[in-house]
Amino acid sequence: MNTQKMNSESGFIQLINAITSLPSEQEDSFRALLSVEKIKKGNHFVRAGRMSRTIAFVKKGLFRYFYTSEDGVEFTKGFFNAQSVLSAYDAILENSPAHYTIEALEDSIIETVDYNKFHQLLSEAPCWNEFLVALLQKGYLAKVRREREFLLLDAEQRYRAFLERYPGLEKRIKQHVIASYIGITPESLSRIRKKIGPLNIDQ
């Protein structure tokens with residue numbers, strides 16, 4: 001990963017201001033904590049089994065979260081395009097190694113901040129708690145939606161849900177990655193795609 005100090009208008013700050021109103025002094029404090037990183041396709045922002053204390057905003061690119069079983073099978077948890085926030089937040093809260101990996105699926109640019117330094121801002125102004133709560137709510141809703149899909153939908157319905165949630169993404173990532181998100185084999189996904197077509201989600 002190539003890292004440099006933040007020296008331009010921050011997408012991360014724009015995101016925060018879209019959620020809550022940042023006082024100018026708080027914006028300056030947060031901006032001082034930011035760095036920019038370039039992550040090549042196939043490299044990792046977080047690795048399973050390693051500590052991570054960083055949160056990031058995706059300025060450009062695409063990432064996925066995935067678990068790996070003991071026998072090497074990958075289970076994709078979700079995809080994160082530009083304008084998303086990345087972190088192994090559960091590992092940060094537990095002060096433990098990450099349980100999953102966050103991988104760049106494309107050459108990407110992210111803005112990063114050390115969580116320990118960010119946490120120091122939480123006591124300075126209520127805007128930071130508003131921002132953090134909004135992120136946690138978004139993550140919780142995504143988690144509940146994924147659980148509902150796996151409990152109530154069959155594989156074809158989960159593929160259609162993927163197409164609706166991530167329009168155009170099936171053209172940007174490999175079939176085995178999509179299959180690992182849906183919870184089926186690449187061969188089963190191929191049969192579903194032949195049946196309904198990659199974009200035919202209204203049938």
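Parameters and conventions
Residues numbered from 1 in each chain as written. Predicted model: local features only at pLDDT ≥ 70, side-chain atom pairs only at ≥ 80, totals over all residues. Heavy atoms only, no water. Helix = DSSP H or I, 4+ residues; strand = E, 2+ residues; numbered from the N terminus. Polar contact = N/O pair within 3.5 Å; in protein donor to acceptor, adjacent residues only side chain to side chain. Pairing = 2+ DSSP bridges. Axes fitted to C-alpha atoms, helices over the stretch in contact; angles between N-to-C directions. Contact = heavy atoms within 4.5 Å. Salt bridge = Lys/Arg side-chain N within 4 Å of Asp/Glu carboxyl O. Buried < 20%, exposed > 50% of the residue type's maximum accessible area, 1.4 Å probe, protein only. Phe/Tyr/Trp six-rings, centres within 6.5 Å; stacked < 30°, edge-to-face > 60°. Lys NZ or Arg CZ within 6 Å of the ring centre and 35° of its normal.

Enquirer: Teacher, can you tell me more about the environment of Asp71 here?
Expert: For Asp71, the position within the fold is in the loop between β5 (63–68) and β6 (74–80). Sequence-wise, Asp71 and Leu141 are 70 residues apart; in three dimensions their C-alpha atoms are separated by 30 Å. Polar contacts involving the side chain of Asp71 include one to the side chain of Ser69, which spans 2.2 Å.

Enquirer: Can you walk me through the sheet that holds β6 in this structure?
Expert: Each strand in a sheet pairs with its neighbour through backbone hydrogen bonds, running either in the same direction (parallel) or in the opposite one (antiparallel). Overall, antiparallel pairing links the four strands, which are arranged β3-β8-β5-β6 in an open sheet. The sheet is open, and its two borders are formed by β3 (44–46) and β6, each paired with just one other strand. Shown here is a sheet whose adjacent strand axes are inclined to one another by a mean of 30°, direction ignored. Taken together, the two bridges between β3 and strand β8 (residues 101–104) define a ladder with antiparallel strand orientation. Across the sheet, the residue bridging to Val46 is Ile102, located in β8.

Enquirer: What is the right way to look at the pairing of β6 in this model?
Expert: Walk down a regular strand and you will see the side chains alternate between the two sheet faces. Here β5 pairs with β6 via six bridges, running antiparallel. Considered in β6, the bridge of Thr68 is made with Glu74. Between β5 and β6, which follow one another and run antiparallel, lie five residues, and Gly72 among them has a positive phi close to 90°.

Enquirer: How do you make sense of the side chain of Thr76 when you look at a structure like this?
Expert: Examined against the element boundaries, Thr76 turns out to sit in strand β6. Not counting chain neighbours up to four residues away, the residues in contact with Thr76 comprise Arg64, Tyr65, Phe66, Arg146, Val177, Ser180 and Tyr181.

Enquirer: Can you help me understand the pattern of salt bridges in this one?
Expert: Under the definition given, this model contains nine salt bridges. Measuring nitrogen to oxygen at the nearest pair gives 3.1 Å for the salt bridge that ties Glu156 to Arg160. Here Glu156 and its partner Arg160 are both found in helix α6 (residues 155–165), four residues apart, which amounts to about one turn of the helix. Accessibility expressed as a relative area gives 18% for Glu156, which makes it buried. Notably, a salt bridge pairs Lys195 with Glu156, separated by 2.8 Å at the nearest N-O pair. Note that Lys195 is positioned in helix α8 (residues 186–196) and Glu156 in helix α6, a separation of 39 residues in sequence.

Enquirer: How should I be thinking about unusual backbone geometry in this particular structure?
Expert: Across the chain, the bulk of peptide bonds are trans and the bulk of non-glycine residues have phi less than zero. Phi angles above zero are rare outside glycine, and Gln83 is one such case at about 80°. In this structure, Gln83 sits in the loop between β6 and β7 (85–86). Phi at Asn95 takes a positive value of approximately 50°, unusual for a residue other than glycine. Along the chain, Asn95 falls in the loop between α3 (89–94) and β8.

Enquirer: I would appreciate a short explanation of the pairing of strand β4 (residues 54–60) in the present structure.
Expert: Direction of pairing for β4 relative to strand β9 (residues 108–114): antiparallel, over a ladder of six bridges. Paired with Thr54 across the two strands is Asp114, which belongs to β9. In this sheet, β7 lies alongside β4 in antiparallel orientation, the contact comprising two bridges. Paired with Ala56 across the bridge in β7 is Leu86.

Enquirer: What am I meant to see in the packing of aromatic side chains here?
Expert: Here the distance between the centres and the angle between the planes together describe a pair of aromatic rings. Applying the stated criterion across every chain yields a total of 19 aromatic pairs. Both rings, one in Phe118 and one in Trp128, keep their centres 5.6 Å apart while their planes meet at 90°; by these two values the pair is edge-to-face. With Phe118 in helix α4 (residues 115–121) and Trp128 in helix α5 (residues 126–152), the pair connects residues that are 10 residues apart, well separated along the chain. With respect to burial, Phe118 and Trp128 carry one shared label: buried. Centre to centre, the rings of Tyr159 and Phe162 are 6.2 Å apart; their planes meet at 20°, and the pair counts as stacked. Here the residue Tyr159 and the residue Phe162 both occupy positions in helix α6, the gap between them amounting to three residues, near one helical turn. On the accessibility criterion, Tyr159 (0% relative accessible area) is buried. Three or more aromatic residues joined by ring pairs make a cluster, and in this case those are Phe12, Phe30, Phe57, Tyr89, Tyr115, Phe118, Trp128 and Phe131. A cation over an aromatic ring shows up here: Arg64 above the ring of Phe66, its NZ or CZ 3.9 Å from the ring centre. Here Arg146 stacks its cationic end above the ring of Tyr181, 3.8 Å away from the centre of that ring.

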